[in-house]
Amino acid sequence: MSDEAGPWRIDAAPDPVVCARALAAAFAREPAVSWICGASAPVRSHWFEATLRAHATLPGARHRTLRHADGRPVAAAVLTPPGAAHTAPTRAVWAARTGFRCGPRALGRTLRYLHLAEAATPEGAWTLEFIGVLPGMTGRGAGRVLLDHLLADVPAPGGFYLTTADPANVPLYRHFGFVPVHRTALGPLDITAMARPGRLSE
C-alpha cells in the first residue's frame with residue numbers, strides 16, 4: 001500500500017503497548033486527553049497503555065497501526081465492535097492501573113467522558129475510539145490511508161460512531177461521511193458526537 005508520501009503497510013495485529021505508545025505521542029495536544037491526563041507525557045503514556053490493554057480483551061476489538069516500510073509506526077487506530085463491554089474484573093484492573101499510574105483525577109475524568117460517549121452510541125455501530133498520526137508525520141496522507149482502510153475493512157452494517165473534542169476534526173470526519181449527531185459540554189470540552197451510516201449488504 002502506498003500514497004504520495006511513500007510506502008505504508010497496515011499491521012492488523014499490533015502489540016497493544018506499541019499502539020498505545022503511538023497514540024500517546026499522537027494525542028499529546030488533543031483536548032480531551034489533555035483534560036484527562038494534564039500536560040504530563042508519562043501520565044498520558046500510562047493512560048493509553050492501561051486503556052489499550054483493557055480494550056484488547058474485548059472480543060472482536062480491533063487495533064491497527066500504519067507502518068512505514070522500515071517498520072516505524074506512523075499512525076494508529078482503535079475500534080470497538082457493537083455491543084462490546086468489559087467484564088467486571090477487567091474494569092477493576094483498568095481502574096486500579098489508571099488510578100495508581102495516572103491519579104484519581106484522570107480516572108474520574110475518564111469515567112465522566114466514557115459515560116457521556118457511551119450513552120450516545122447508536123445501536124449496532126462500531127466505535128472509532130482513537131485514530132492518530134505521530135508528530136512529524138502529519139499532513140502526508142497517513143491518517144487518510146488508515147481511516148480509508150478501517151472503513152473499507154470493517155463490516156459495519158450499523159455504521160460507525162465517534163466523539164471528538166477537537167473542533168478541527170469535525171470537517172475532517174465529514175469528508176469521510178460522518179455527520180454530527182450531538183454536541184455537549186464536559187468541563188472545558190465541547191464534544192461533538194458523529195456517526196457514519198453503514199454500508200448496504202452486498
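Please refer to the structure higher up on the page.
A brief report on the enclosed structure follows. (Residues numbered from 1 in each chain as written. Predicted model: local features only at pLDDT ≥ 70, side-chain atom pairs only at ≥ 80, totals over all residues. Heavy atoms only, no water.)

**Describing the overall build of the chain**
- Looking only at helices and strands, the chain has 7 helices and 8 strands in total.
- In terms of C-alpha radius of gyration, the chain reaches 16 Å, essentially the compact-globule figure of 17 Å for 202 residues.
- Principal axes of the C-alpha set define a box for the chain whose edges measure 45 × 35 × 30 Å.
- Counting only residues that meet the buried cut, the chain has 47% of its 202 residues in that class.
- Summarising the internal contacts of the chain: among those between residues at least 6 apart in sequence, 71% fall at separations of at least 24.
- Of the roughly 10,000 Å² of accessible surface on the chain, a fraction of 57% belongs to carbon and sulfur atoms.
- Of the side-chain charges in the chain, 21 are positive and 15 negative, and the distance between the mean point of each set is 6 Å. (Helix = DSSP H or I, 4+ residues; strand = E, 2+ residues; numbered from the N terminus. Rg over C-alpha atoms; globule rule 2.2 N^0.38 Å. Buried < 20%, exposed > 50% of the residue type's maximum accessible area, 1.4 Å probe, protein only. Contact = heavy atoms within 4.5 Å. Areas by Shrake-Rupley, 256 points an atom, 1.4 Å probe, with all protein chains shown as cover. Lys, Arg positive; Asp, Glu negative; His and termini not counted. Charge placed at Lys NZ, Arg CZ, Asp CG, Glu CD.)

**A closer look at helix α5 (residues 104-119)**
- Over its 16 residues, α5 runs 23 Å from end to end, which matches the ideal 22 Å to within 8%, given 1.5 Å per residue.
- Taken together, the buried positions of α5 are A106, L107, T110, Y113, L116 and A117.
- Those residues of α5 that are buried lie in contact with α2 (31-37), α3 (41-55), α4 (88-102), β6 (160-164), β7 (179-186) and β8 (189-196). (Expected span 1.5 Å × (residues − 1).)

**Brief notes about the state of the cysteines**
- Evaluated as defined, the whole model comprises 0 disulfides.
- Not engaged in a disulfide, the cysteine C102 finds its nearest cysteine sulfur in C37; these two sulfurs lie 5.8 Å apart. (Disulfide = S-S within 2.5 Å.)

**Considering the pairing of β7**
- Bridge analysis of β7 against β8 gives 7 bridges, and the strand direction is antiparallel. The partner of V179 across the bridge, within β8, is A195.
- If you look at the hairpin formed by β7 and β8, you'll find 2 residues sitting between the two strands, and G187 has a positive phi there, around 55°. (Pairing = 2+ DSSP bridges.)

**Re the packing of aromatic side chains**
- According to the stated counting rule, one finds 6 aromatic pairs in the structure shown.
- Note on W47 and F130: the rings are 6.0 Å apart at their centroids and 85° apart in plane angle, and the pair reads as edge-to-face. Of this pair, W47 sits in helix α3 while F130 is found in strand β5 (residues 126-133), placing the two residues 83 residues apart along the sequence.
- Aromatic pair Y173 and F178: ring centres 5.8 Å apart, planes at 65°, arrangement edge-to-face.
- Exposure remark for Y173: the relative accessible area of 9% places this residue in the buried category.
- Assessed through its relative accessible area of 1%, F178 is described here as buried.
- Grouped by ring-pair contacts, the aromatic residues F27, W47, F48 and F130 constitute a single cluster. (Phe/Tyr/Trp six-rings, centres within 6.5 Å; stacked < 30°, edge-to-face > 60°.)

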